[in-house]
Amino acid sequence: MTGFYLVLIAALFVVAIFLVAARRHRSQLRSMDDFRRRWQKVDVEAFANLIDPSEERFLRENLPAREFRRIQRQRLSAAREYLGRVGRNAQLMVQAGQIIQRHNSGAEAERARSHVKDAIRLRSLVFMAQCSLTAQMAFPVPNPSLERALRLYSDAARSFDNALDPSVTSVAM
């Protein structure tokens, strides 16, 4: 009977690996047009307002404690949604930069390599900010990684947008 459970667990593990691989393959960019379709808009100003410590302080000072906690949970939930979008966009930036690197050389490939490096750093920062945000929901403390993630995202998205080469948009993977 124990052997049966071991085989069942191994089979479930293999199925899980195939599902992860299929999902990963499906999530790969096929072209720069695919990049543009999958890009999720992030309202940077609204996100900045949600994580602004002075806004939180204002709410804390002007609302009853129970109301503040309710609103703060909503604000943190919205910030979590924004972080998710930033993380997905960062992943798209990595993949798009890799497409540009494969289909270009010289200065264009070097700029793409730099953008990929920034996007990977952004993904790491988003992960840390998400962990910090989760802790902040339980223990309300300032979260500097959120502000750094927002700043890096704004810079990276603007820089990446400027770097997109229209000649690469029709490249299929």
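The written sequence of each chain sets the order in which its residues are numbered from 1. Reporting in this predicted model follows two pLDDT cut-offs: at least 70 for local features of residues, and 80 or more for side-chain atom pairs to be given and counted; totals over whole chains, interfaces and linings ignore these cut-offs and use all residues. To get the side-chain values, take all heavy atoms of the structure and skip hydrogens and water.

## Structural notes on the overall build of the protein chain
So, point 1. By definition, any uninterrupted DSSP run of H or I lasting at least four residues is a helix, any uninterrupted run of E lasting at least two residues is a strand, and each is numbered from the N terminus. On a plain count of helices and strands, the protein chain comes out with seven helices and zero strands.
So, point 2. Only protein chains enter the area calculation, which uses a 1.4 Å probe; residues under 20% of their type maximum are buried, those over 50% are exposed, and those in between are partly exposed. Residues counted as buried form 35% of the 173 residues belonging to the protein chain.
So, point 3. If you sum the accessible surface of the protein chain, you get close to 11,100 Å²; carbon and sulfur atoms cover 59% of it. Methods summary: accessible areas were calculated by the Shrake-Rupley approach with a probe of 1.4 Å, and residue burial reflects only the protein chains presented.

## Description of the side chain of glutamate 56
So, point 1. Within the secondary structure layout, glutamate 56 lies in helix α4 (residues 53-62).
So, point 2. Relative accessible area serves as the criterion here: at 14%, glutamate 56 is assigned to the buried category.

## A closer look at the nonpolar core
One recurring pattern in soluble globular proteins is that nonpolar side chains are buried together.
So, point 1. Only buried residues count toward a nonpolar core, which is a set of Ala, Val, Leu, Ile, Met, Phe, Trp, Tyr and Cys residues joined through side-chain atoms within 4.5 Å. If you look at the biggest cluster of nonpolar residues, it comprises 35 residues, and the most contacted ones within it are Phe47, Met93 and Leu122.
So, point 2. Among the secondary structure elements, those contributing two or more residues to this core are α2 (32-38), α3 (44-51), α5 (65-103), α6 (106-138) and α7 (144-163).
So, point 3. The element contributing the most residues to this core is α5, with 12 residues.
So, point 4. Excluding residues within four positions of it along the chain, methionine 93 makes contact with Phe35, Trp39, Val116, Ala119, Leu122, Tyr153, Ala156, Ala157 and Phe160. Should any heavy atoms of two residues lie within 4.5 Å, those residues are considered in contact.

## Some remarks on the packing of α3 against α5
So, point 1. To get an axis, a line is fitted to the C-alpha atoms, and for a helix only the part in contact is used. The angle between two axes follows their N-to-C directions and goes from 0 to 180 degrees. Packing of α3 against α5 leaves a shortest axis separation of 9 Å and a crossing angle of 135 degrees. On the basis of their axis angle, the class for α3 and α5 is oblique. When you trace α3 past α5, the crossing you get is left-handed. From α3, Ala46, Phe47, Asn49, Leu50 and Ile51 reach across to α5, where they touch Arg75, Ala78, Ala79, Tyr82, Leu83 and Val86. When an angle is under 35 degrees it counts as roughly parallel; over 145 it counts as roughly antiparallel; between 65 and 115 it counts as roughly perpendicular; any other value is oblique. Put simply, a crossing is left-handed when the front helix is turned counterclockwise from the back one by less than a right angle, and right-handed when it is turned clockwise.

## Looking at the packing of aromatic side chains
For any pair of aromatic rings, the description rests on two quantities: the centre-to-centre distance and the angle between the ring planes.
So, point 1. Paired rings are identified among Phe, Tyr and Trp, the last through its six-membered ring, by centres lying within 6.5 Å, and are further divided according to the angle between planes into stacked (under 30 degrees), edge-to-face (over 60) and tilted (the rest). Inspection of every chain in the model, using the stated rule, returns three aromatic pairs.
So, point 2. With centroids separated by 5.4 Å and ring planes inclined at 50 degrees, the aromatic side chains of phenylalanine 35 and tryptophan 39 adopt a geometry described as tilted.
So, point 3. Among the residues examined, phenylalanine 35 registers a relative accessible area of 5% and is labelled buried.
So, point 4. With relative accessibility at 28%, the residue tryptophan 39 sits in the partly exposed group.
So, point 5. Arranged with centres 6.4 Å apart and planes meeting at 15 degrees, the rings of tryptophan 39 and tyrosine 153 form a pair that is stacked. In this pair, tryptophan 39 sits in the loop between α2 and α3 while tyrosine 153 sits in helix α7, placing the two residues 114 residues apart along the sequence.
So, point 6. Among the aromatic residues, those joined into a ring-pair cluster are Phe35, Trp39 and Tyr153.

## A short note on the pattern of salt bridges
So, point 1. The term salt bridge refers to a side-chain nitrogen of Lys or Arg lying within 4 Å of a carboxyl oxygen of Asp or Glu. Under the defined criterion, the tally for this structure stands at 10 salt bridges.
So, point 2. When the shortest N-O distance is used, the salt bridge between arginine 60 and glutamate 56 registers 3.0 Å. Pair noted here: arginine 60 and glutamate 56 are both in helix α4, with a separation of four residues, about one helical turn.
So, point 3. The class of arginine 60 is partly exposed, set by a relative accessible area of 41%.
So, point 4. As a salt-bridge pair, glutamate 67 and arginine 70 come within 2.5 Å of each other at their nearest N and O atoms. One end of the pair is glutamate 67 and the other is arginine 70, both in helix α5 and three residues apart, which spans about a single turn.
So, point 5. Accessibility expressed as a relative area gives 36% for arginine 70, which makes it partly exposed.
So, point 6. Linked through salt bridges whose partners overlap, the residues forming this network are Asp34, Arg37 and Arg38.

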